[in-house]
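Structural description and commentary
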Amino acid sequence: MAKSVDQTVDVAIVGAGIVGLGHALAAIDRGLSVVVIDRGSVQTGSSIRNFGHACISVQSGAAQVHADRTRELWLRLVEEAGLWHRADGGFVVARAEDELDVLREFRARRPDRVELLSAEETAASTGTGPGVAVGGARLLDDLQVDPREAVLRITDHLRSRGVEFQFGTAARTIRSGRLHTTRGRIAADQVIVAVNYDVDHLFPELGDRYQVERCALDMLRVEIPGLRAPLRGPVLTGWSMLRYSGFAGLPSLGRVRERLHSGHPAFAALDVNQMYTQWRDGSVIVGDTHHRGDAVDPFQRENAFDELLDATASLFGQESRRDLRVVERWQGVYASAPEEFLVDEPLDGVHVVSVTTGIGMTTGLGLADRVVSEIYEPVGA
Ligand SMILES: Cc1cc2nc3c(=O)[nH]c(=O)nc-3n(C[C@H](O)[C@H](O)[C@H](O)COP(=O)(O)OP(=O)(O)OC[C@H]3O[C@@H](n4cnc5c(N)ncnc54)[C@H](O)[C@@H]3O)c2cc1C
């Protein structure tokens with residue numbers, strides 16, 4: 001057990017997920033002294049439980065601004081922290097004409113961010129089965145990282161640059177200029193609270209005001225022995241078109257929604273975003289369902305996994321889910337609210353920052369950079 005601490009820093013950060021790490025990076029870049037606390041003995045939150053898909057090309061509004069900056073920062077961290085990554089873009093598989101129409105409309109809206117692919121090109125880039133894709137698209141700016149590796153390497157990298165990490169240390173109370181932890185008191189000019197959905201534990205009134213809920217997701221990692229081609233990048237489907245804001249308002253989207261929801265009621269009830277990323281060892285991350293509420297039901301239902309596995313077997317041209325070997329199952333949780341981001345200063349010098357949709361790997365580093373830029377001068381200003 002570490003002894004209680006009593007120290008003074010410029011910036012104290014609560015939470016060592018990608019959002020907290022992004023703030024630490026932005027602060028250390030400005031030559032500030034930084035301490036990051038996390039209640040876990042290592043990071044086990046959303047930032048290691050996700051697909052590792054920086055879904056840059058299909059955002060809009062503020063999310064697009066944060067995503068574009070996040071892309072720059074990921075590529076910088078690839079170099080500085082030695083992160084594994086894929087930068088061939090993301091891929092959307094269209095399995096019906098209306099999905100292809102959405103992709104054509106998206107291309108007309110964002111010609112710089114997407115290129116359309118033939119059915120053959122789509123299958124060759126995504127490993128989908130014969131006759132599955134009628135066409136597709138490459139999302140040019142998307143990146144893939146390995147979240148489990150990235151979080152640890154970024155932590156080591158920041159530590160080597162002088163950021164102090166205190167794990168196994170929870171925030172108890174937060175006041176202007178002062179953070180009381182389970183291991184002592186830290187005096188800090190600025191306190192940044194990046195605790196994801198647990199914002200309501202520390203600032204219940206903010207949780208209420210922003211209507212923050214917990215969104216729980218069922219995830220799997222599988223081996224697909226009969227996979228026809230490696231996945232060149234993250235793979236999205238028609239279900240993803242219903243989710244990302246960059247597709248919102250496209251004329252053909254309503255037809256896709258109606259067809260998918262009426263044809264696949266079980267999938268619709270599970271609120272699935274059918275998507276995939278492939279690990280370096282060839283295994284494939286499969287997801288994901290969404291259940292929202294104040295509390296997370298810890299009991300994952302097998303029917304959700306069956307639905308995901310059936311759909312995966314069908315997409316990749318396998319006879320049945322028995323052709324897939326499940327390597328891992330897990331539950332992820334992220335903050336969910338009507339607005340995409342919660343950025344507030346409930347007390348002078350205390351900043352609460354949470355990505356309140358499931359796009360923290362896409363936007364978190366850029367959002368953090370913006371928050372720190374608004375407190376201090378931008379780097380080089
Ligand atoms: C299954 C799943 C798949 C996803 N896929 C993607 C994807 O492909 N692309 C994408 O862009 N986004 C994705 N997301 C969303 C993304 O992972 C999150 O938005 C992001 O990781 C949130 O980062 P964070 O730092 O806020 O949270 P976390 O990583 O959860 O970190 C918060 C940290 O705060 C700590 N903490 C909490 N309370 C306290 C306290 N009182 N004192 C000290 N420490 C505390 C916790 O221990 C935790 O380590 C996915 C999320 C899930 C769950």
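Residues numbered from 1 in each chain as written. Predicted model: local features only at pLDDT ≥ 70, side-chain atom pairs only at ≥ 80, totals over all residues. Heavy atoms only, no water.

Quick word on the site of the ligand
- Every one of the 32 residues lining the ligand counts as a neighbour, but Asp38, Ser47, His53, Ala171 and Thr362 are closest to it.
- At a separation of 3.1 Å, an oxygen atom of the ligand approaches a polar backbone atom of Val19.
- Between Ser47 and the ligand, the recorded distance is 2.5 Å, taken from a side-chain N or O atom to an oxygen atom.
- In isolation the ligand offers 1,000 Å² of accessible surface; the protein chains occlude 95% of this area.
- At the level of elements, helix H1 (18-29), helix H2 (46-49), strand E13 (213-223), strand E18 (325-336) and helix H13 (360-375) are the ones that each hand at least two residues to the shell around the ligand.
- Mapped onto the domain boundaries, the shell around the ligand takes at least three residues apiece from domain 1 (5-68 + 147-210 + 338-375) and domain 2 (90-140 + 213-336). (Near = heavy atom within 4 Å. Polar contact = N/O pair within 3.5 Å; in protein donor to acceptor, adjacent residues only side chain to side chain. Areas by Shrake-Rupley, 256 points an atom, 1.4 Å probe, with all protein chains shown as cover. Helix = DSSP H or I, 4+ residues; strand = E, 2+ residues; numbered from the N terminus. Domains from an automatic or database assignment.)

Describing helix H3 (residues 61-81)
- Between its first and last C-alpha, H3 extends 29 Å over 21 residues, near the 30 Å set by a 1.5 Å rise per residue.
- When H3 is considered as a whole, its buried residues turn out to be Ala63, Gln64, His66, Ala67, Thr70, Leu73, Trp74, Leu77, Val78 and Ala81.
- Among the residues trailing H3, Gly82 stands out with phi positive, at a value near 70°. (Expected span 1.5 Å × (residues − 1). Buried < 20%, exposed > 50% of the residue type's maximum accessible area, 1.4 Å probe, protein only.)

Details of the pairing of strand E12 (residues 184-193)
- Across the 10 residues that make up E12, a large majority, 8, are buried.
- Hairpin remark: strand E11 (residues 178-181) followed by E12, antiparallel, with 2 residues in the connecting loop. (Pairing = 2+ DSSP bridges.)

Comments concerning helix H10 (residues 253-263)
- Residues of H10 that are buried: Leu253, Val256 and Leu260. The arc that holds the buried residues of H10, viewed along the axis, is 60°, so those residues lie on one side. Exposed and oriented more than 90 degrees from the buried face of H10 are Glu258 and Ser262.
- Residues of H10 that are buried sit in contact with helix H4 (97-109) and helix H9 (238-241). (Arc of directions from axis to C-beta. Contact = heavy atoms within 4.5 Å.)

Remarks on unusual backbone geometry
- The omega torsion across Gly287 and Asp288 is -20°, close enough to zero to call that bond cis.
- Inspection of the secondary structure puts Asp288 in the loop between strand E16 (284-287) and strand E17 (291-293).
- With phi around 60°, Asn196 is a residue other than glycine that occupies positive phi space.
- As for its position among the elements, Asn196 is in the loop between E12 and helix H7 (199-202).
- For Asp271, which is not glycine, the phi dihedral falls at a positive 55°.
- Secondary-structure assignment places Asp271 in the loop between helix H11 (265-269) and strand E15 (275-278).

Things to note about the environment of Pro251
- Take Pro251: it is sitting in the loop between H9 and H10.
- By relative accessible area, Pro251 is classed as exposed at 67%.
- Sequence-wise, Pro251 and Ala123 are 128 residues apart; in three dimensions their C-alpha atoms are separated by 26 Å.

Note that every value here comes from positions in space, so none of it alone points to a role or purpose.
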